[in-house]
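Residues per chain, in single letters:
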Amino acid sequence: MARYLKTGSSLGTSLAIAGLVMIVAVSFAIPFIPAARAATVDVSISGDAFHPQTITVSVGDTVRWTNDDAVEHTVTSDTGAWTEIILPGGTGAQGSFTFNTANTYPYHCSIHTFMTGSVIVGSVVPEFSGEFFVVIGLVAVMFGLIAARRKQT
Ligand SMILES: [Cu+2]
């Protein structure tokens, strides 16, 4: 019994220390953890083709098309999801659209209908937040202190 209590005590102390270390580490790391934020993703148009032809982004991201060809192209949604983007040639013209709903968005160039592309918009996967680790750390400290205290009673 004493042996069990002693084991419980050292385990509890270890747990409490591990929890504290985690909290301190996360506190320092929080400013460096990149928050999930909207991004702008580029698609270039060259040689009468969209590059990349299929692009996967997250909800809230913006896709920006740049016409690197000398001829005019359009970025036209197959389903009318956005107003047709017309990009004159020879000027590196840019146009963009922000995707706020998860779905697959096929599109094409209305001048060269063989030019097709697709934007796959996936829902945002929640990242582990600093708060998550702080809570885990606090729970570890709590259990550690309870376990360590048992030795004294
Ligand atoms: Cu075109």
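Provided above is the structure to which this section pertains.
Notes on the structure in this doc start here.

How each quantity is defined
Residues numbered from 1 in each chain as written. Predicted model: local features only at pLDDT ≥ 70, side-chain atom pairs only at ≥ 80, totals over all residues. Pairing = 2+ DSSP bridges. Helix = DSSP H or I, 4+ residues; strand = E, 2+ residues; numbered from the N terminus.

**Describing the pairing of strand β8 (residues 103-108)**
Where strand β5 (residues 73-77) lies against β8, 2 bridges are found, and the strand directions are antiparallel. Paired with serine 77 across the two strands is tyrosine 107, which belongs to β8. In this structure, β8 lies alongside strand β9 (residues 116-122), joined through 6 bridges in antiparallel fashion. The residue of β9 that forms the bridge with threonine 104 is isoleucine 120.

**Describing the sheet that holds strand β2 (residues 50-51)**
The strand order across the open sheet formed by 4 strands is β2-β1-β4-β7, and the pairing between neighbours is mixed. Whereas interior strands pair on both sides, the edge strands pair on one side only; in this sheet they are β2 and β7 (94-98). Strand direction decides the pairing type here: strand β4 (residues 62-67) and β7, joined by 5 bridges, are antiparallel. Pairing of arginine 64 across the sheet is with serine 96, part of β7.

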